[in-house]
Amino acid sequence: MLIKITGHPKSTCTQRVIAILNELGLEFEIEQPEWATQKSPEYLRDKHPFGKIPVLHEDGYQIFESRAIVRYLAAKHKPSLVPADLQKLGVLEQFLSIEYSYFDPPFSAWVFEKIIKPIFGHGQTDPVKLEELTKKVDSVLDVYEKLLVGKDYLTGEYSIADIAHLPCLSYVINNGYDLGDRPNVKRWWTNISEKPAWKKSIASVQK
Ligand SMILES: N[C@@H](CCC(=O)N[C@@H](CS)C(=O)NCC(=O)O)C(=O)O
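Conventions we followed
- Residue positions are given per chain, counted from 1 along the sequence in the order it is written.
- For a predicted model such as this one, the threshold for reporting local features is a pLDDT of at least 70, and the threshold for listing and counting side-chain atom pairs is 80 or more; totals across whole chains, interfaces and linings nevertheless cover every residue.
- Note that water and hydrogens are dropped before the side-chain values are worked out from all heavy atoms of the structure.
- By convention in these notes, a salt bridge is any Lys or Arg side-chain nitrogen within 4 Å of a carboxyl oxygen on Asp or Glu.
- For the purposes of this entry, the term helix denotes a DSSP run of H or I that reaches at least four residues, the term strand denotes a run of E that reaches at least two, and both are numbered from the N terminus.
- Categorising residues by exposure relies on relative accessible area from a 1.4 Å probe, with only protein chains included: less than 20% of the type maximum marks a residue as buried, more than 50% marks it as exposed, and the intermediate range marks it as partly exposed.
- Distances are taken per atom, and a residue is near a molecule or strand as soon as one of its heavy atoms is within 4 Å of it.
- Polar contacts here mean pairs of N or O atoms no more than 3.5 Å apart (in protein, one a potential hydrogen donor and the other a potential acceptor; neighbouring residues in sequence count only if both atoms are side-chain atoms).
- Areas reported here follow the Shrake-Rupley algorithm with a probe of radius 1.4 Å; residue values treat only the protein chains shown as occluding.
- Classes in brief: Ala, Val, Leu, Ile, Met, Phe, Trp, Tyr, Cys and Pro nonpolar; Asp, Glu, Lys and Arg charged; the others, Gly included, polar.
- To form a nonpolar core, buried Ala, Val, Leu, Ile, Met, Phe, Trp, Tyr and Cys residues must be joined to one another through side-chain atoms within 4.5 Å.
- Note that domain bounds follow an automatic or database assignment of domains.
- The criterion used for residue contact is that any of the two residues' heavy atoms lie within 4.5 Å.

A.B. asks: Help me get a handle on the pattern of salt bridges, residues and values and all.
C.D. replies: The full count for this structure, using the stated rule, is 15 salt bridges. Where Glu58 meets Lys76, a salt bridge forms, and the shortest distance between an N and an O atom there is 3.0 Å. You can see Glu58 sitting in strand S3 (residues 55-58) and its partner Lys76 sitting in helix H3 (residues 66-77), a full 18 residues away along the chain. Here Lys76 falls in the partly exposed class, since its relative accessible area comes to 45%.

Quick look at the structure:
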């Protein structure tokens, strides 16, 4: 049965799901809700109680939250992306939590300010705000530079923790953010962004 995603190809959360679907070689289609529909009583009742995207629909099964969808699809279709060894799983969960707690807030705010805001008619990019967000992104990547010492991937092996970072990291780098003097982050970025599945995922949607 074809997997359906309620989402928008430009949304970072939707791109996280697209990235894992392409990594797993699964076919899918995207159903884009109208902005207003996304807050309608029907949408809140039937798709997402918080009025957000993305939502996964698979043969009568439905879940929302991009990282939960990534975990579910990887565990189902490619368990090597989610280690069985409990200590390795703990490290993976640590990096997924780091992504959600410390990485995503400034990065998704940067993406909103620079890209999403003007595209979707929420106003022009505020350069002062963007500068503040750039400093926050800098601080997060300074920590990643240390976390990535001697490693090609966050946990040491390519995993869903790397995939979870791709949409926001890719957006900022493709839209003028300079990684600066951070050789470990640069090596990691090259390793994860050159995966064929990611290239397929962002073709024509991130610029
Ligand atoms: N933690 C959620 C976040 C969902 C979310 O904020 N989605 C955004 C797009 S990336 C959205 O629906 N924005 C529209 C809105 O807030 O009305 C996830 O990862 O799925």
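A.B. asks: Give me the lowdown on the site of the ligand, citing residues and values where you can.
C.D. replies: Close contacts around the ligand come from Ser11, Thr12, Cys13, Trp35, Gln38, Lys39, Lys52, Ile53, Pro54, Glu65, Ser66 and Arg67, and that covers them all. The separation between a nitrogen atom of the ligand and a polar side-chain atom of Glu65 is 2.7 Å. Between the ligand and Ser66 there is a distance of 2.6 Å, counted from an oxygen atom to a side-chain nitrogen or oxygen. Out of a free accessible area of 510 Å², the ligand has 78% covered by protein chains. When residues of the shell around the ligand are traced back to their parent elements, those giving at least two are helix H1 (12-23) and H3. The residue inventory of the shell around the ligand, partitioned by class, reads 4 nonpolar, 4 polar and 4 charged.

A.B. asks: Explain the nonpolar core to me, using residue names and the numbers behind them.
C.D. replies: Ile20, Leu73, Phe107 and Tyr144 are the most contacted members of the largest nonpolar core, which totals 54 residues. Within the residue set of this core, elements represented by two or more residues are strand S1 (3-6), H1, H3, helix H4 (86-119), helix H5 (127-147), helix H6 (160-174), helix H7 (183-193) and helix H8 (196-202). Both domains that furnish three or more residues to this core are identified here as domain 1 (3-80) and domain 2 (83-199). Excluding its chain neighbours within four sequence positions, the residues that come into contact with Phe107 are Val137, Val140, Leu141, Cys168, Leu169 and Val172.

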